[in-house]
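# Descriptive analysis of the structure
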Amino acid sequence: MSAEIIKQNPFQSMIDRFNIAADILKLDESIRQKLQRPEKQIVVNFSITLDNGSEQNFEGYRVIHNTALGPSKGGIRYDNAVNLDEVKALAAWMTWKSAVTGIPFGGAKGGIICDPKTLSKTELERITRAYTKALADIFGPEKDVPAPDMGTGPDEMGWLMDEFSLVHGKTIHAVVTGKHLHSGGSLGRVEATGRGVSIITLLALEKLKIRPARSTAAIQGFGNVGLHSALFLYEKGVKIVAVSDVSEAFFNPDGINIPELILYYNLNNKTIKGYPNSVAIKHEELLFLDVDVLIPAAKEDVITKKNANDVRAKIIIEAANGPVSSDADEILQGKNVLVVPDILANAGGVTVSYFEWLQNSLLESWRIHQINKRLEDILEKGFETVFRVSAKYDVSPRIAAYIIALKKVAETQSVKEVALEAPKFKQN
Ligand SMILES: NC(=O)C1=CN([C@@H]2O[C@H](COP(=O)(O)OP(=O)(O)OC[C@H]3O[C@@H](n4cnc5c(N)ncnc54)[C@H](O)[C@@H]3O)[C@@H](O)[C@H]2O)C=CC1
Ligand SMILES: O=C(O)CCC(=O)C(=O)O
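Since the structure is predicted, the reported quantities are computational estimates derived from the model, not experimental observations.

When pLDDT is averaged across the protein chain, the result is 95; 96% of the residues are at 70 or more. Of the regions scoring below 50 in pLDDT, residues 1–6 engages in 15 contacts with residues more than four places distant in sequence or in other chains. Every residue in residues 423–428 is under pLDDT 50, and counting partners more than four places away or in other chains gives zero contacts.

Written out as structure tokens, the structure is:
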């Protein structure tokens, strides 16, 4: 059974929320225009030799949305559906995400149109190295720092670091995060996004006075983010009754044994297809289950105005970027669903990426309990701030998160612009 996702334009979803927050903040038109548009959009074309000896051309993107708060930061996606509008939206969300959590980075995102599942490891390495070479003037520890996203992981980040270092003639670890430990990666980065999602989920459950051990959850997507979210929530006693990946969705009202499922997934070429102890359901059914928490952890626009009315969960934790489109916001609000927005819910990844970048820059190596404690502190503070602002302005947590982020970025951007416009020396 395949899972078809009807795509809206994710960039439009970003703009819709941006405008609501900008109206509340009474943001000046020129700063609005500046913050809506990316600072830079780069399209690269390159070819590599495939394992069968033929040449194939690939198109890749890097969009730098904003650098007011620091070097731009954001993952690289390998997927056949990657397109410039999607990368623009993802880059902007990175700006808002870092601003909400107080991470001193701007926002960027990259992508290559390809299907990583049909490419060999050596082909993926050649693609990553060619893309890095094409963007060697853009990336840099103080300029633009990539990381993993859908379809990429520590292998790709290691190749990127190595290629960038070759181009520049010295080892530069801090150019990218999400690397393997032996390439200068950080403890805790692989599982950081899922750990963050679990921290935020527990805070949301507490807000609704639901005990974790009495709660149920359904998780869409069983990749890096979905798998780790499932594992950490399972460990806290949450009953995970449904999971899906691109190949299959299934349901078990008694709760799925997540460690056993992970074992199955690892032995079955990283898919959950065919897992025995459950009942297969249609992909979309997972979104409409009567659970306490729904965690979309796959892609954008899975909940739109077409299906939002069918959602029965009390809480949606946006583990993916942009899983709820803007046209579904009002419907979910009307149904009293608590939606914790992506720019807070999945910020665990960029937070530990920031720790990795710091460790690389300071030539330090932090312990895991230090990393997890700092991550928890940052996310708890982010959560409290978002809910405080939500109450203050009587807006949804999403709009509150945008208000916090826009205010911070707009103020910094304005200060920088005033400095640029200031008369320099009077010429005699
Ligand atoms: N990797 C990271 O650190 C971060 C990722 N994210 C976001 O989380 C989401 C997932 O990313 P990753 O887990 O890294 O990607 P991944 O490539 O590791 O996993 C994606 C998962 O989604 C599944 N999937 C794809 N289409 C599906 C569909 N139609 N129905 C059900 N499952 C489907 C895939 O089979 C796979 O299990 C993306 O939106 C990404 O931007 C956000 C923050 C950080
Ligand atoms: O770890 C990072 O720097 C960014 C991760 C990412 O792409 C995201 O949060 O969407």
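From this point on, the discussion continues.
We now examine the site of ligand 2. Close to ligand 2 lie 14 residues, the nearest being Lys73, Gly75, Lys97, Lys109 and Ser353. The separation between an oxygen atom of ligand 2 and a polar side-chain atom of Lys109 is 2.6 Å. Asn321 is positioned with one of its side-chain polar atoms (N or O) 3.0 Å from an oxygen atom of ligand 2. In isolation ligand 2 exposes 290 Å². Once the protein is present, 95% of that is buried. Elements with a contribution of two residues or more to the shell around ligand 2: strand 3 (72–79), helix 3 (84–101), strand 5 (144–148) and helix 11 (348–362). Looking at the shell around ligand 2 residue by residue, the class counts come to four nonpolar, five polar and five charged.

Three or four residues apart is the spacing at which side chains of an α-helix point the same way, because the helix has 3.6 residues per turn. A rise of 1.5 Å per residue sets the reference length of helix 3, with its 18 residues, at 26 Å; its end C-alpha atoms lie 26 Å apart and thus fit the reference within 8%. Counted residue by residue, helix 3 has 16 buried out of 18 residues, so it is predominantly covered. At the N-terminal end of helix 3, a side-chain oxygen is found 3.1 Å from the backbone nitrogen of Asp85, two or three residues along, and the residue is Asn83. Just downstream of helix 3, Gly102 is the residue with a positive phi angle, here 80 degrees.

A separate point is the domain arrangement of the protein chain. Taken as a whole, the protein chain is organised into domain 1 (38–187) and domain 2 (191–345). Centre-to-centre, using C-alpha coordinates, domain 1 lies 27 Å away from domain 2. Of the residues lining the interface, 12 residues belong to domain 1; the matching set on domain 2 comes to eight residues. Summed over both partners, the interface of domain 1 with domain 2 buries about 890 Å², with 57% contributed by carbon and sulfur atoms. For domain 1, the biggest contributors to the area lost against domain 2 are Trp93, Lys97 and Met150; these three give 46% of the whole. At the boundary of domain 1 with domain 2, the tally comes to two salt bridges. The residue Asp79 makes a salt bridge to Lys299 at a minimum N-O spacing of 3.5 Å. For the pair domain 1 and domain 2, the interface holds three residue pairs in polar contact (both at pLDDT 80 or more). Elements supplying a minimum of two residues to the side of domain 1 that touches domain 2: strand 3 and helix 3. With six residues, the top contributor of residues to the side of domain 1 that touches domain 2 is helix 3.

Definitions and limits used
Residues numbered from 1 in each chain as written. Chains lettered and ligands numbered in written order. Predicted model: local features only at pLDDT ≥ 70, side-chain atom pairs only at ≥ 80, totals over all residues. Heavy atoms only, no water. pLDDT = per-residue confidence, 0-100. Contact = heavy atoms within 4.5 Å. Near = heavy atom within 4 Å. Polar contact = N/O pair within 3.5 Å; in protein donor to acceptor, adjacent residues only side chain to side chain. Areas by Shrake-Rupley, 256 points an atom, 1.4 Å probe, with all protein chains shown as cover. Helix = DSSP H or I, 4+ residues; strand = E, 2+ residues; numbered from the N terminus. Nonpolar A, V, L, I, M, F, W, Y, C, P; charged D, E, K, R; others polar. Expected span 1.5 Å × (residues − 1). Buried < 20%, exposed > 50% of the residue type's maximum accessible area, 1.4 Å probe, protein only. Domains from an automatic or database assignment. Buried area = accessible area lost by both parts, 1.4 Å probe. Salt bridge = Lys/Arg side-chain N within 4 Å of Asp/Glu carboxyl O.

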